[in-house]
Amino acid sequence: RSAEASGKPGRSSAAVDHQADESKGLIDTSPPRGTRDFDPQDMRLRSWLFGHWQDVSRQCGFEQVDFPVVENEELFVRKAGEEITSQLYNFADKGQRRLALRPELTPSLARLVLKKAKSLPLPAKWWTIGQCWRYERMTRGRRREHYQWNCDIIGLEGVAAEAELLAAITLFFERVGITPADVGIKVNSRKSLQAILTQAGVPEERFAAVCVIVDKIEKLPEEKVREELAGIGVTSKAADKILAAMATRSLEDLEKLLGPDNKAVADLRQLFTLAEAYGMADWIVFDASVVRGLSYYTGIVFEGFDRQGVLRAICGGGRYDGLLGALGGENQPMCGFGFGDAVIMELLQDRGLLPDLSHEVEDLVLALDEDLRPQASCIAQQLRQKGRRVDLVLEGGRRMKWAFKHAERISAQRLVLVGKEEWAQGNVRIKNLETREQEDMTPTALLDTTSCLGAV
Ligand SMILES: CC(=O)Nc1cnc2ccccc2c1
């Protein structure tokens, strides 16, 4: 209907429809801004993705942990100018407590490590999947929530930990059919920036803010990055050195710039050696321009990228040895990664790697006559107790023709028909929809048990 048709000049038809709905009292059926529903088909895909994340985590010896989606706001308040904290989904609850929907999982993990303190045997390898939130002005219409897979290793100083994290990520890519031709993982160390800032006499507490600024080098004109660095007291000479280091094309060049004793170079050398040993060298690329945008990284950082350069970062992570200290606790060496559910699904879609998942039921049980509903219910339940995935037709009046169509829809393997004649001869009719065979079986033969059948 056009607005004109409803005689209301200038109102869009949507407004009119909405008004019509309101008159019927229908609520707004769309989910809150920036959030999404998962209908059964979406949920099958999400469960498929989470299933791979879970399998890989367990295969790599990580233990699952979880945290509240709501945290005290102060857990995420940082002063390094990060987007993730400037877009905090925060609020006051009915007790005037300052809370926030978590924008990431790492601070919560750090809080749990602090809570366990000395009782946590180290090193520990934890994993989780959690919904994370941001409050972005809808100017950009982007989502305000996504699900993130996180793996973290607590209590290990050396790059053996980062290698394990990369091993988990590459294992996941292999499982879903992504190859090193599709995707790479850029690896760098923030210790090169640290060395330059120390040399240039930039105070230690500027380090995080410098990283957050230079992380924008791909998105902002260099002039703007230089301005922002100057804005926090970094001399233009130091800025020249930082940008020169970020432009180096190889570890050798970086070593020429920073000297033979530089820790960043040593860490990266060792990490590439381990990557060879894991057989994952094809995935790993040195890239001196990668710093990641989170303030708390202190060492190795990495990010998964689509080699066609179309998509945003697939995943990212690194070492964050100072986070426990920043939260007022005693430091432990820590490193980890976050892997969101959005970009990976775009990549899998683009590469034709999304699986074709249907509602899988093994047996569909139908009472051909309403009087036989008790018998059909008993058969269905007994099949379930034997571990079969069974749907029982609940609505009356369904006939064979409908049952066949429905069985196809739910990809059932067998149609179990409970009919008057067969039942009178002590049988149920089984149609195998894969082999197209049909046979009449006694319930005992079908179920290897007769327990409830005596009752019906
Ligand atoms: C591509 C995408 O949905 N990114 C996304 C969506 N929601 C978020 C929510 C919190 C933090 C980061 C987020 C990132």
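The rules behind these values
Residues numbered from 1 in each chain as written. Predicted model: local features only at pLDDT ≥ 70, side-chain atom pairs only at ≥ 80, totals over all residues. Heavy atoms only, no water. Helix = DSSP H or I, 4+ residues; strand = E, 2+ residues; numbered from the N terminus. Rg over C-alpha atoms; globule rule 2.2 N^0.38 Å. Buried < 20%, exposed > 50% of the residue type's maximum accessible area, 1.4 Å probe, protein only. Contact = heavy atoms within 4.5 Å. Areas by Shrake-Rupley, 256 points an atom, 1.4 Å probe, with all protein chains shown as cover. Expected span 1.5 Å × (residues − 1). Arc of directions from axis to C-beta. Polar contact = N/O pair within 3.5 Å; in protein donor to acceptor, adjacent residues only side chain to side chain. Lys, Arg positive; Asp, Glu negative; His and termini not counted. Salt bridge = Lys/Arg side-chain N within 4 Å of Asp/Glu carboxyl O. Core = buried A, V, L, I, M, F, W, Y, C linked by side-chain atoms within 4.5 Å. Near = heavy atom within 4 Å. Nonpolar A, V, L, I, M, F, W, Y, C, P; charged D, E, K, R; others polar. Patch = residues over 30% accessible without salt bridge, like charges linked within 9 Å, V, L, I, M, F, W, Y side chains within 5 Å. Pairing = 2+ DSSP bridges. Axes fitted to C-alpha atoms, helices over the stretch in contact; angles between N-to-C directions.

### Looking at the overall build of the protein
If you tally the helices and strands in the protein, you get 17 helices and 16 strands. In summary, the protein has a C-alpha radius of gyration of 29 Å against a globular reference of 23 Å for 456 residues, an excess of more than 25%. C-alpha extents for the protein along the principal axes are approximately 95 × 70 × 45 Å. With 456 residues in all, the protein has 46% of them scored as buried. For the protein, contacts bridging at least 24 residues in sequence account for 66% of all contacts bridging at least 6. Per element, the accessible surface of the protein, about 22700 Å² overall, is 51% carbon and sulfur.

### What to know about helix 11 (residues 263–278)
Residues lying three or four places apart along an α-helix face the same way, a consequence of the helix completing one turn every 3.6 residues. Helix length check: helix 11, at 16 residues, gives a terminal C-alpha distance of 22 Å against a target of 22 Å (1.5 Å per residue), a fit within 8%. When we look at burial in helix 11, the residues that qualify are Ala264, Val265, Asp267, Leu268, Leu271 and Ala275. Angular distribution of buried residues about the axis of helix 11 spans 160 degrees; they occupy a single face of the element. Away from the buried face of helix 11 by more than 90 degrees, exposed residues Thr273, Glu276 and Ala277 are located. Next to the buried residues of helix 11 lie helix 5 (160–175), strand 7 (183–189), helix 6 (191–199), helix 10 (251–258), strand 8 (284–286) and strand 9 (300–306). You can read the cap of helix 11 off the contacts: a side-chain oxygen lies 2.8 Å from the backbone nitrogen of Ala264, and it is on Asn262. Just downstream of helix 11 lies Gly279, where phi reads positive at about 75 degrees.

### Looking at the side chain of Arg190
With respect to the helices and strands, Arg190 occurs in the loop between strand 7 and helix 6. One buried charge, Arg190, has no salt-bridge partner; the nearest side chain with opposite charge is Asp215, at 6.3 Å.

### As for the nonpolar core
If you look at the biggest cluster of nonpolar residues, it comprises 73 residues, and the most contacted ones within it are Trp149, Phe172, Phe173, Phe339 and Ile344. By residue number, the principal contributor to this core is helix 5, which donates nine residues. Contact partners of Phe172, with chain neighbours within four places excluded, come to Leu49, His52, Trp53, Val56, Trp149, Phe339 and Ile344. Among the nonpolar cores identified, the runner-up in size contains 21 residues, and Val65, Leu120, Ala124 and Val290 belong to it.

### Comments concerning the pattern of salt bridges
This model, assessed by the stated rule, comprises 39 salt bridges. Note that Glu164 is salt-bridged to Lys125, the shortest N-O span being 2.7 Å. On the criterion of sequence distance, the pair formed by Glu164 in helix 5 and Lys125 in strand 5 (residues 124–133) is long-range, its members being 39 residues apart. The class for Lys125 is partly exposed, based on a relative accessible area of 22%. What you see here is one network of salt bridges that share partners, running through Arg36, Arg143, Glu145 and Asp341.

### Quick word on the site of the ligand
Surrounding the ligand, one finds Pro103, Cys132, Trp133, Arg134, Arg143, Arg144, Glu145, His146, Arg312 and Ala342. The set of elements that each furnish at least two residues to the shell around the ligand consists of strand 5 and strand 6 (145–154). Per-class residue counts for the shell around the ligand are four nonpolar, one polar and five charged.

### Some points on a nonpolar patch on the surface
A surface patch of nonpolar side chains, about 180 Å² in accessible area, is lined by Val69, Val70 and Phe91. Within the secondary structure, Val70 sits in strand 2 (residues 70–72). By relative accessible area, which is 31% here, Val70 ends up partly exposed.

### A short note on the sheet that holds strand 2
The strand order across the open sheet built from three strands is 2-4-3, with neighbouring strands paired in antiparallel fashion. Looking at the sheet topology across the chains shown, the edges are occupied by strand 2 and strand 3 (89–92). On average, each strand axis in the sheet is tilted by 35 degrees relative to the strand beside it, whichever way the strands run. Note: strand 2 against strand 4 (residues 98–101), three bridges, orientation antiparallel. Its bridge partner being in strand 4, Asn72 is matched across the sheet by Leu99.

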